[in-house]
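In case you want the letters, here they are:
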Amino acid sequence: MHDEAFEPFFDEGLITEIVRPIKSGKEASVHLCRANPSTTGETLAALKVYHPLDRRNFHDEAIYRDGEWIKERRVRVALEKKTRFGREVQGGIWLSREWETLHALTDAGADVPRPIHRTDDAILMTYVGDEDDAAPQLRSYRPERDEAEALFRQVVRNVEVMLGANVIHGDLSPYNILVWEGIATIIDLPQAMDPRKNQHAEELLRRDVERVVEHFRRLGVGTGAGRLAADLWVAWTFADLVPGDLSS
Ligand SMILES: Nc1ncnc2c1ncn2[C@@H]1O[C@H](COP(=O)(O)OP(=O)(O)OP(=O)(O)O)[C@@H](O)[C@H]1O
Ligand SMILES: [Mg+2]
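The rules behind each value
Note that residues are indexed from 1 along each chain, following the sequence as it is written. Whichever chain is written first becomes A and whichever ligand is written first becomes 1, with later ones labelled in order. Where local features are concerned, this predicted model is filtered to residues with pLDDT of at least 70; where side-chain atom pairs are given and counted, the filter is 80 or more; whole-chain, interface and lining totals use all residues. Segments assigned H or I by DSSP are reported as helices when at least four residues long, segments assigned E as strands when at least two residues long, and all are numbered from the N terminus. A residue is called partly exposed when the number of other C-beta atoms within 10 Å of its own lies between 12 and 20, exposed at 12 or fewer, and buried at 20 or more, with C-beta atoms placed from the backbone. Strand pairing follows a simple DSSP-based rule, namely that at least 2 bridges must link the two strands. Axis lines are fitted through C-alpha atoms, for helices just across the contact stretch, and the angle between N-to-C directions can take any value from 0 to 180 degrees. Only buried residues count toward a nonpolar core: Ala, Val, Leu, Ile, Met, Phe, Trp, Tyr and Cys, linked into one set through C-beta atoms within 7 Å. We call two residues in contact if the C-beta atoms placed from their backbones are at most 7 Å apart. Each angle gets one of four labels, with under 35 degrees taken as roughly parallel, over 145 as roughly antiparallel, 65 to 115 as roughly perpendicular, and the rest as oblique. The crossing is said to be left-handed when, going from far helix to near helix, the turn is anticlockwise and less than a right angle, and right-handed when the turn is clockwise. Following the grouping adopted for this structure description, the nonpolar residues are Ala, Val, Leu, Ile, Met, Phe, Trp, Tyr, Cys and Pro, the charged ones are Asp, Glu, Lys and Arg, and the polar ones are all others, Gly among them.

(A) Spotlight on unusual backbone geometry. Backbone geometry at Asn 166 places phi at a positive 60°, although glycine is not the residue there. By secondary structure assignment, the location of Asn 166 is in the loop between helix H6 (145–164) and strand S6 (177–180). According to the C-beta neighbour criterion, Asn 166 is partly exposed, with 16 such atoms within 10 Å. Positive phi, close to 70°, is recorded for Asp 188, a residue that is not glycine. Within the fold, Asp 188 resides in the loop between strand S7 (183–186) and helix H7 (201–218).

Next up, the structure:
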C-alpha cells in the first residue's frame, strides 16, 4: 500500500477513510475514499496515486512533450540524460499535466472529474460511481442503441470542448471513458497536449477520434463519422469550433 501517498489527504481533512482500491493501471492505482463534505463538497472521492517512478512506463514522451520548452537548464539536462532527478521531474510533469488539464477542462465545461487536491504523488478528484460500484469503462458497457447514440454525441461534444480549450487527450479510448447514469466522463489525462505547440497534435487527435468512432461503430452508431477527425481539426484550425455542431 502507498500509505505515505494517502497521508497528506487525511492530514488536510479531505478524506476520512480509504474504502477500497478501484483499479490499478499502468501509471497509477485509483482508490475509492470517503470524503469530508465540508472540505471537498463530496461524500466520496477518487484518489489516483501515481506509481513509484520505476514502475511507470512513460508512454512516448518525445511525442507528447513535443514543442514544450523547459526553461531551467539544470532540469532540461537532467531530463535529456534521464538521470534519477530527471525521472523525478518527468514524473512530476505527468501528474502536473493531469492536474492542470482537469482544472482547465472542468472550467471549460467538459465532462471530466473535478480535481480537488494534489500532492507530488497523487490527485484527489470527484468519483464516478456509487458506494457499491465504480462506473464501468465504456469498453465493458453494453448500452441500448439509443443510449449508445447519446453517449457517442456526448463524447464527440467533449472532444470539441477540449479542443476549444486547446487540449487534445492523446490517449482517448473506451478504457478512458467511464459511463454512469447515462453520462460519459473522460478520464486519464497526464499525456494531454496543446495543439498550438505540438506538431503531432493532428495525428494524435485523429487516433483519439478513430478509436472512439471504431468502438461506437461496433455498437452500431456513428457510422457516418469517417471524416470527423478531419472536420474537427479544420474547425479548430479556423477557430470556429462550436461544441455540438459536429456531434449533432
Ligand atoms: N474519478 C474516477 N471515478 C471512478 N473511477 C475512476 C476514476 N478515475 C479512475 N477510475 C478508475 O481507475 C482506472 C484507472 O484510472 P486511469 O485510467 O486514470 O489510470 P491509469 O493508470 O492511466 O490506467 P490505465 O493504465 O488503465 O489507463 C480507470 O480506468 C477507472 O476504472
Ligand atoms: Mg486509463
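After that view of the structure, there is still more to cover.
(B) How the structure looks around the sheet that holds strand S5 (residues 122–126). Strand order in this open sheet of five strands is S1-S2-S3-S5-S4, and the pairing throughout is antiparallel. With partners counted over all chains shown, the strands left at the sheet margins are strand S1 (15–24) and strand S4 (115–118), one partner each. Strand-to-strand, the axes of this sheet are offset by a mean angle of 25°, without reference to chain direction. Examined bridge by bridge, S4 and S5 share three bridges and lie antiparallel to one another. The residue of S5 that forms the bridge with Pro 115 is Met 125.

(C) Summary view of the nonpolar core. Ala 45, Ala 46, Leu 47, Leu 124, Val 155, Met 162 and Ile 168 are the most contacted members of the largest nonpolar core, which has 64 residues in total. Looking at which element gives the most residues to this core, the answer is H6, with nine residues. Setting aside its immediate chain neighbours within four residues, Val 155 contacts Ile 177, Ala 184 and Val 212.

(D) Structural view of the packing of H6 against helix H8 (residues 228–237). Packing of H6 against H8 leaves a shortest axis separation of 10 Å and a crossing angle of 30°. Viewed along their axes, H6 and H8 adopt a mutual orientation that is roughly parallel. Here H6 runs over H8; the crossing is right-handed. Facing Val 156, Val 159, Glu 160 and Leu 163 of H6, the residues of H8 in contact are Leu 228, Leu 232 and Trp 236. For the contact of H6 with H8, the per-class residue count stands at six nonpolar, no polar and one charged.

Geometry only, nothing functional implied.
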